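Structural characterization, general
In case you want the letters, here they are:
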Amino acid sequence: MTMKGQSFEAVFGRPAKVVAEAPGRVNLIGEHTDYSGGYVLPTAIPQKTRIEMSPRGDGLVQVATMSVNRGGQRWFRVGEESRGGLWLDYVQGITAVLRGRGVSISGFDARIESSVPLGSGLSSSASLLVALARALRQMLDLSIDDVEIARIAHAAEHDFVGAPVGNMDQMAASLADEHTALFIDTRTLAFERIPLPAEAELLVVNSGVAHQHASGDYKTRRAECERAAELLGVPQLRDVDAAAEQRIASLPAPLDRRARHVVTENARVLAAVAALRAGDLGRLGELFDASHRSMRDDFEVSVPAVDALVESARAQPDVFGARLTGGGFGGSIVALVKRGCAERVGRAVVEAYARTPGRQATVLVGGPAA
Ligand code: GLA
């Protein structure tokens, strides 16, 4: 059954009561630092998830999604949430977490539409979770602030869906906008909005290689970071100073490289914030490049297709820096490009990538105006 374009009213036979949205995000720098209590610097992208919702009184939740990949209409009963390995888990996660916080939910109908591509490393799931939490906040008149919305979304994804993710994406979906970078201390959830430079624009290109977080590699990296912190005698890698180089080097491989990535990446986020404040785009670009090398060589979360995209972006004029963004093992790259040049660079990068058979990239941000 295809429902693309079908209105809330056409699906549920009555109008929606509330509408809420939340954006996807691109992380500028600070990758795989959030589950070690570190620093991150995401910004919102134009793509978003939009939820329309109306209450029901019979305890049922009926959800229709317009996304081809998610597909279809499903339902569950409030109070009987159970993980099924499908996108509906995200909806069940939000109601389960809210109920756990004492919120009474008597059911609802919801229509979901999203322009954030799945598996692209741009947080389609966090944008769905935050949009859902916002819709429920509005519909039930809950007094919950935006940081709390991010906490609820994170609990739904981490505890209910079972994806061992950190809290960057939910914070970004709840608090970021497209004009500023959101500098977050993921340990305290303190945040600051830092204006993006007027002389540069962001280019985001999806490699077409889809990642899958709940599975294997992400979980392994997280466990490696926790083990490295334990061996270094600190609660989290956030507590290790870059000056502790010797001690990091004495860890058994590959924990030495994993810890080195996290510790140097935290330092790069702080340096990137300083560069943004100083309007030093050259320095910011160098930090992007260094972050990519560290993710590729020390944290080993890149793949050859993504490295090829980064390198071809770097080879273009007017590019300050480029890196893999998000969890890795596929996904997207972000490049910092001189204003006015992103469209040209994007086209060149996509063309070069397509010269390898089977590879097809898509410009997601910085392409021709829609
Ligand atoms: C995914 C996770 C985040 C974060 C990034 C890597 O997007 O959801 O919590 O760990 O990977 O920086």
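As annotated in an unreviewed UniProt entry, the chain is Galactokinase from Sorangium cellulosum So0157-2. The record held by UniProt for the chain lists under Sequence similarities (unreviewed entry) the comment "Belongs to the GHMP kinase family. GalK subfamily."

Grouped together as the largest cluster of nonpolar side chains are 42 residues, with contacts concentrated most on Leu203, Leu237, Val240, Leu309, Ile333 and Val337. Elements that contribute at least two residues to this core include exactly strand E9 (200-206), helix H6 (216-232), helix H8 (255-278), helix H10 (304-314), strand E10 (319-325), strand E11 (332-338) and helix H11 (342-354). When residues of this core are assigned to domains, at least three map to each of domain 1 (8-194) and domain 2 (197-365). The residues contacting Val337, other than those within four sequence positions of it, are Glu199, Ala200, Glu201, Leu203, Asp318, Val319, Phe320, Ala342 and Val345. Ala22, Ile94, Leu98 and Val130 belong to the second-largest nonpolar core, a separate cluster that totals 41 residues.

Turning our attention to the packing of aromatic side chains. Each aromatic ring pair is characterised by the separation of its centres together with the angle its planes make. Counted under the stated rule, the structure contains 3 aromatic pairs. Between Phe8 and Phe12, the ring centres sit 4.8 Å apart and the planes meet at 50°, which makes this aromatic pair tilted. Here Phe12 and Phe8 lie together in helix H1 (residues 8-12), a separation of 4 residues that amounts to about one turn. Accessibility assignment for this pair places Phe8 and Phe12 in one class, buried. Ring geometry for Tyr35 and Tyr218: centres 5.5 Å apart, planes at 65°, overall edge-to-face. One end of the pair, Tyr35, is in the loop between strand E1 (18-27) and strand E2 (39-40); the other, Tyr218, is in helix H6, and 183 residues separate them in sequence.

This part takes up the site of the ligand. Among the 13 residues in the neighbourhood of the ligand, the closest are listed as Glu31, His32, Asp34, Asp169 and Tyr218. At a separation of 3.4 Å, an oxygen atom of the ligand approaches a polar backbone atom of Gly327. For the shell around the ligand, the two domains that each supply at least three residues are domain 1 (8-194) and domain 2 (197-365).

With respect to topology, 4 strands assemble into an open sheet ordered E10-E11-E9-E12, the strand pairing being antiparallel. Whereas interior strands pair on both sides, the edge strands pair on one side only; in this sheet they are E10 and strand E12 (362-365). Along the sheet, successive strands turn relative to each other by an average axial angle of 25°, direction set aside. Alignment of E10 against E11, held across 6 bridges, turns out to be antiparallel. Looking across to E11, one finds that Leu324 is bridged to Ile333.

Let us look at helix H4 (residues 146-161). End to end, H4 covers 21 Å across 16 residues, agreeing with the expected 22 Å (1.5 Å per residue, within 8%). Of all the positions in H4, only Val147, Ile149, Ala150, Ile152, Ala153, His154, Ala155, Ala156, Glu157, Phe160 and Val161 are classed as buried. For H4, the secondary structure elements touched by its buried residues are helix H2 (88-100), helix H3 (124-140), helix H5 (168-175) and strand E8 (190-195). N-capping of H4 is provided by Asp145, with a side-chain oxygen placed 3.2 Å from the backbone N of Val147. Once H4 ends, the next one or two residues include Gly162, with phi positive near 90°.

A separate point is the packing of H8 against helix H9 (residues 281-298). Here H8 crosses H9 at 170°, and the two axes come no closer than 10 Å. Looking at the two axes, H8 sits roughly antiparallel to H9. The element H8 and its partner H9 pack so that their crossing is left-handed. Contacts between H8 and H9 pair Arg257, Arg258, Arg260, His261, Thr264, Glu265, Arg268, Ala271, Ala272, Ala275 and Leu276 from the former with Arg283, Leu284, Leu287, Ala290, Ser291, Ser294, Met295, Asp297 and Asp298 from the latter.

What counts as what
Residues numbered from 1 in each chain as written. Predicted model: local features only at pLDDT ≥ 70, side-chain atom pairs only at ≥ 80, totals over all residues. Heavy atoms only, no water. UniProt positions renumbered as here; feature names shortened; annotations may be inferred. Core = buried A, V, L, I, M, F, W, Y, C linked by side-chain atoms within 4.5 Å. Buried < 20%, exposed > 50% of the residue type's maximum accessible area, 1.4 Å probe, protein only. Helix = DSSP H or I, 4+ residues; strand = E, 2+ residues; numbered from the N terminus. Domains from an automatic or database assignment. Contact = heavy atoms within 4.5 Å. Phe/Tyr/Trp six-rings, centres within 6.5 Å; stacked < 30°, edge-to-face > 60°. Near = heavy atom within 4 Å. Polar contact = N/O pair within 3.5 Å; in protein donor to acceptor, adjacent residues only side chain to side chain. Pairing = 2+ DSSP bridges. Axes fitted to C-alpha atoms, helices over the stretch in contact; angles between N-to-C directions. Expected span 1.5 Å × (residues − 1). Parallel < 35°, antiparallel > 145°, perpendicular 65-115°, else oblique. Left-handed = near helix turned anticlockwise from the far one by under 90°.

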